[in-house]
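# Report on the structure
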Amino acid sequence: MDFSLTREHDMIREMARKFADQEITPGLAERDRAHESDPDTLRKMGAAGLLGIGIPGKYDGSDTDYISLGIVCEELERGDTSARVVMSVHSGLHCLTTLQWGTPEQKMRWLPPLARGEKVGAFGLTEPDAGSDAVNIKTRAERSGDEYILNGQKTWISLADYADQFLVVAVTDPNASNKAKGMSAFIVNRHTPGFSSRAIKGKLGVRAGNTGEIFFDNVRVSAADRLGEEGDGFKVAMSALDHGRYTVAAGAVGIITACLEASVRYANDRKVGGEPIGRKQLVQQMIAKMAQGRDIGRLLYYQVGWMKNVGLRHTREVSLAKWTNCNTAFEAANDAIEIHGAYGFTDEFPVERHFRNSRGAVIYEGTREIHQLMQAEYALGYRSDRPLDRVLPTYPFGENA
Ligand code: CAA
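Residues numbered from 1 in each chain as written. Predicted model: local features only at pLDDT ≥ 70, side-chain atom pairs only at ≥ 80, totals over all residues. Heavy atoms only, no water.

### Regarding the layout of surface pockets
Put simply, the rule reads: Cavities and pockets are found on a 1 Å grid laid over the protein atoms alone: a cavity is a set of points where a 1.4 Å probe fits but cannot escape, a pocket is an open set with protein on both sides within 12 Å along at least five of seven lines, and a lining residue has an atom within 4 Å of such a point. Grid points are joined across faces, edges and corners, and a volume is the space filled by probe spheres set on the points. A run of DSSP states H or I qualifies as a helix once it reaches four residues; a run of E qualifies as a strand once it reaches two. Both are numbered from the N-terminal end. Basically, the charged four are Asp, Glu, Lys and Arg, the nonpolar ten are Ala, Val, Leu, Ile, Met, Phe, Trp, Tyr, Cys and Pro, and anything else, Gly included, counts as polar. Either an automatic procedure or a domain database provided the assignment from which the domain bounds are taken.
Each pocket or cavity is described by its volume, and for the second largest pocket that value is around 540 Å³. Contributing to the lining of the second largest pocket are 16 residues, with D2, F3, I67, Y302 and W306 lying nearest its centre. Among the elements that line the lining of the second largest pocket, the one with the most residues is helix α8 (residues 281–310), at five residues. Considered class by class, the residues forming the lining of the second largest pocket number eight nonpolar, five polar and three charged. Counting the residues that make up the lining of the second largest pocket, at least three belong to each of domain 1 (7–120) and domain 3 (235–380).

Structure below.
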């Protein structure tokens, strides 16, 4: 067993941290307050090569491994959740799922522009009446010759107004006795007639990021743009969540680290009775918990990254990492506010933003309750973790990628 990261991992961490400090953090408090996303973020991320992380070089990706993707997510979310969300939906949910399920022709057609950052991908599973209960989605894809006609609506879609294409899951066989086998997945271009989007306003967190709804009104999609076989849609969606949850789990460590760093700074500066509050044991207890959460969180997501690298199924492990790290990030942000006292209650310090942002991650990509149920079902033997037919290409990428 080897726990060491490579020189390349260190360089990627350094590059992503610098990017977050130089491109994400400046002006962020104002954008967050105004509920405004920076229209240049995607272009800058593309130019920095971040949108190709985890994608093989043969598709113009960075040819780095999946642990690198986690490290980038951690460092971006140390800056702000809105930047990590781009990685989650573009790289995790969209690109890695395409890499896992696409035919050689589809991968060659879709991945290079995505990896070069010329196109941005997003993901559409959740609907107004189907969130955790993903098997009960209603969006319909009806076959018509060489095409499918999509009708329906998706909600809580990150980058709804910005993404060029969406991995959408829809019902192709409404009469299937097993609903999970009556769905298919499609790549839908936003410029297809009948497609529209609308931003969701009034969010508690991720205010500097775009979230919205997408609508399909007789949207025609070529059968060549179906990802996987007809009936594979639920599996495609679940494997997308294996990738999305990984990026969220890694990103949560960035929030913990940001809260730890801010709390250490404040605890050393702020004095009570002539000594820094860092000398107070109750403050030390909260700081110790943050350091614990950061290191446990890293071990959990590094393990999942390694399982991706070697092609092992990791549905159980990624669920555990997502549940643990997102809960810990929320607790760390809550404690960081406590340490900052009344200052933590204002947006003068970033911990207030981390607190609001971390609350969302306890819900999206599988709520805390869904992950608890999954962990209990695995432990009780009610849920199987047998190897999957299709896994990501293993790393180092070879001809199989
Ligand atoms: N990869 C591939 N296939 C998988 C899989 C995976 N990770 N997990 C399950 N499958 C397959 C199973 O093998 C099974 O196929 P077979 O019958 O051929 O064996 C089939 O899919 C059905 O699997 P399950 O029986 O495990 O399905 P379930 O109904 O028990 O799943 C659930 C229940 C786990 C709660 C699932 O519905 C779930 O994860 N719900 C939460 C959905 C979620 O996280 N939504 C968030 C959407 S994204 C978002 O939040 C937006 C955003 O990011 C901004």
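### Points about the domain arrangement of the chain
Convention followed: Note on definitions: a residue-residue contact is assigned when non-hydrogen atoms from the two residues lie within 4.5 Å. By buried area we mean how much accessible surface two parts lose on assembly, using a 1.4 Å probe and totalling the loss over both.
Structurally, the chain comprises domain 1 (7–120), domain 2 (122–233) and domain 3 (235–380). When each unit is reduced to the centre of its C-alpha atoms, the spacing between domain 2 and domain 3 is 30 Å. Facing the 15 residues of domain 2 at the interface are eleven residues of domain 3. In total, about 990 Å² of surface goes out of reach between domain 2 and domain 3, with carbon and sulfur atoms giving 68% of it.

### Let's talk about the packing of helix α5 (residues 81–101) against helix α7 (residues 233–269)
Going by this rule: Lines are fitted to the C-alpha atoms to define the axes, a helix being fitted only along its stretch in contact, and any angle between axes, read from their N-to-C directions, falls within 0 to 180 degrees. An angle below 35 degrees is read as roughly parallel, one above 145 as roughly antiparallel, one from 65 to 115 as roughly perpendicular, and any other as oblique. We call a crossing left-handed when the near helix sits turned anticlockwise from the far one by less than a right angle, and right-handed when that turn is clockwise.
Interaxial distance between α5 and α7 falls to 8 Å at its minimum, and their mutual angle equals 150°. It follows that α5 is roughly antiparallel to α7 by the angle criterion. Crossing hand, α5 versus α7: right-handed. Of the residues in α7, those touching α5 at T81, R84, M87, S88, G92, L93, L96, T97, Q100 and W101 are K235, V236, S239, A240, L241, H243, G244, T247, V248, G251 and I255. Across the contact of α5 with α7, the residue classes break down as nine nonpolar, ten polar and two charged.

### Topic: the site of the ligand
Rule in force here: One heavy atom suffices: a residue is near a molecule or strand as soon as one of its heavy atoms comes within 4 Å of it. Here a polar contact is taken to be a pair of N or O atoms separated by no more than 3.5 Å, where protein atoms must pair a possible hydrogen donor with a possible acceptor and residues adjacent in sequence count only if both atoms sit in side chains.
By nearness alone, 22 residues border the ligand, and K181, D242, R245, R383 and R386 come closest of all. Residue R383 places a side-chain N or O atom 2.7 Å away from an oxygen atom belonging to the ligand. Of all the secondary structure elements, the ones that give two or more residues to the shell around the ligand are β3 (147–158) and α7. In terms of residue class, the shell around the ligand is built from seven nonpolar, seven polar and eight charged. Taken domain by domain, the shell around the ligand gets at least three of its residues from each of domain 2 (122–233) and domain 3 (235–380).

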